[in-house]
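Below are the chains, spelled out letter by letter.
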Amino acid sequence: MKPAIYVMMMVLAHIAVIYTGIFDGVSTELGVEMYAEKENSIPFIPMTMPMNTVVNFGYLAAGLVWYPTFCALRDWWGESFCWYSMVYCFIQLARIVYQTQRCAVLDQWITTTIFCHVTVWIASIPTPAAITSSVTFLGYRMVIFVSFVSYFLALLSDIGFDVALVVHILVAVKVGVTGENPRNFSEGFTLLCRVRCSEAG
């Protein structure tokens, strides 16, 4: 399956569950007062929050810039991450523009999914580290499934999403840092780049 199709299917799965109405009562932050930018902060621009709107296109730009590199490397997970980055631009843009509960839920849920795919992407690099071996052992599909259902914690508590997100971030950082027992995160990122570049060569 091509990464683009996979990402679209995942996003549609999220939307399908959201539109059952199951998450209509979960805690989200709605309203322009939740943002540091004031309404109509730039005169003569017909947007409620133009700077917050425009900055989202950075996600699109990042995905477009890195996509050719991962295509050349034939890095399936890297390509998937680029597609998520590009799609997330419009998901968060919809949240800012429409300020609806379901847009907010999709924004929250996709955020955990993206961190999950960072974990899977890094873990796809063969290393002797125990944590990456554990992710591989569990199977990428199972890890993604657990991540997918973790958002249901939001139904149990107002901080359910926050708990799920923090766990996703900590796991992603841990996997990145301990790829080959590097001493710090920058070394872990260097390892990732080195392996990917050697594959390209």
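Residues numbered from 1 in each chain as written. Predicted model: local features only at pLDDT ≥ 70, side-chain atom pairs only at ≥ 80, totals over all residues. Heavy atoms only, no water.

Caption draft 1: Quick peek at the side chain of Gln-108. Looking at where Gln-108 falls in the secondary structure, it is placed in helix H5 (residues 101-123). Residues in contact with Gln-108, not counting those within four places in the same chain, are Ser-27, Thr-28, Arg-95, Tyr-151 and Phe-161. (Helix = DSSP H or I, 4+ residues; strand = E, 2+ residues; numbered from the N terminus. Contact = heavy atoms within 4.5 Å.)

Caption draft 2: Quick peek at the packing of H5 against helix H7 (residues 140-150). Packing of H5 against H7 brings their axes to within 9 Å, and their N-to-C directions diverge by 160°. One finds that H5 runs roughly antiparallel with respect to H7. As H5 packs across H7, the resulting crossing turns out to be right-handed. For the pair H5 and H7, the contacting residues are Trp-109, Thr-112, Thr-113, Cys-116, His-117, Val-120 and Ala-123 in the first and Tyr-140, Val-143, Ile-144, Ser-147 and Phe-148 in the second. Of the residues contributing to the contact of H5 with H7, the split by class is eight nonpolar, four polar and no charged. (Axes fitted to C-alpha atoms, helices over the stretch in contact; angles between N-to-C directions. Parallel < 35°, antiparallel > 145°, perpendicular 65-115°, else oblique. Left-handed = near helix turned anticlockwise from the far one by under 90°. Nonpolar A, V, L, I, M, F, W, Y, C, P; charged D, E, K, R; others polar.)

Caption draft 3: Layout of H7. All of the buried residues in H7 are Val-143, Ile-144, Ser-147, Phe-148 and Ser-150. Projected down its long axis, H7 carries its buried residues within an arc of 160°, all on one side. (Buried < 20%, exposed > 50% of the residue type's maximum accessible area, 1.4 Å probe, protein only. Arc of directions from axis to C-beta.)

Caption draft 4: Just helix H3 (residues 57-73), in detail. An ideal rise of 1.5 Å per residue puts 24 Å on 17 residues; H3 measures up with 25 Å between its terminal C-alpha atoms. The sharpest bend along H3 measures roughly 35° and falls at Tyr-67, with the proline Pro-68 sitting one to four residues further on. Listed as buried for H3 are Leu-60, Gly-63, Phe-70 and Leu-73. Arg-74 occupies a position one or two residues after H3 and carries a positive phi of about 55°. (Expected span 1.5 Å × (residues − 1). Bend = angle between axes of the 7 residues up to and from the residue.)

Caption draft 5: The arrangement of the packing of helix H1 (residues 3-18) against helix H4 (residues 76-98) in detail. At their nearest, the axes of H1 and H4 sit 9 Å apart, and the two run at 45° to each other. Classified by the angle between their axes, H1 and H4 sit oblique to one another. H4 is crossed by H1, and the crossing has right-handed handedness. Residue-level contacts link Pro-3, Ala-4, Tyr-6, Val-7, Met-8, Met-10 and Val-11 of H1 to Trp-76, Trp-77, Glu-79, Ser-80, Trp-83, Tyr-84, Val-87 and Ile-91 of H4. Considering only residue class, the contact of H1 with H4 consists of 13 nonpolar, one polar and one charged.

Caption draft 6: A look at the confidence of the model for the protein. With 71% of its residues at a pLDDT of 70 or more, the protein shows a mean pLDDT of 79. Confidence scores differ between elements of the protein, with helix H9 (residues 185-200) showing the lowest mean pLDDT of 46 and H1 the highest of 96. This stretch, residues 128-134, has a pLDDT under 50; its non-local contacts, to residues over four places away or in other chains, come to twelve contacts. Below pLDDT 50 for its whole length, residues 195-201 participates in seven contacts with residues either more than four positions away or in separate chains. (pLDDT = per-residue confidence, 0-100.)

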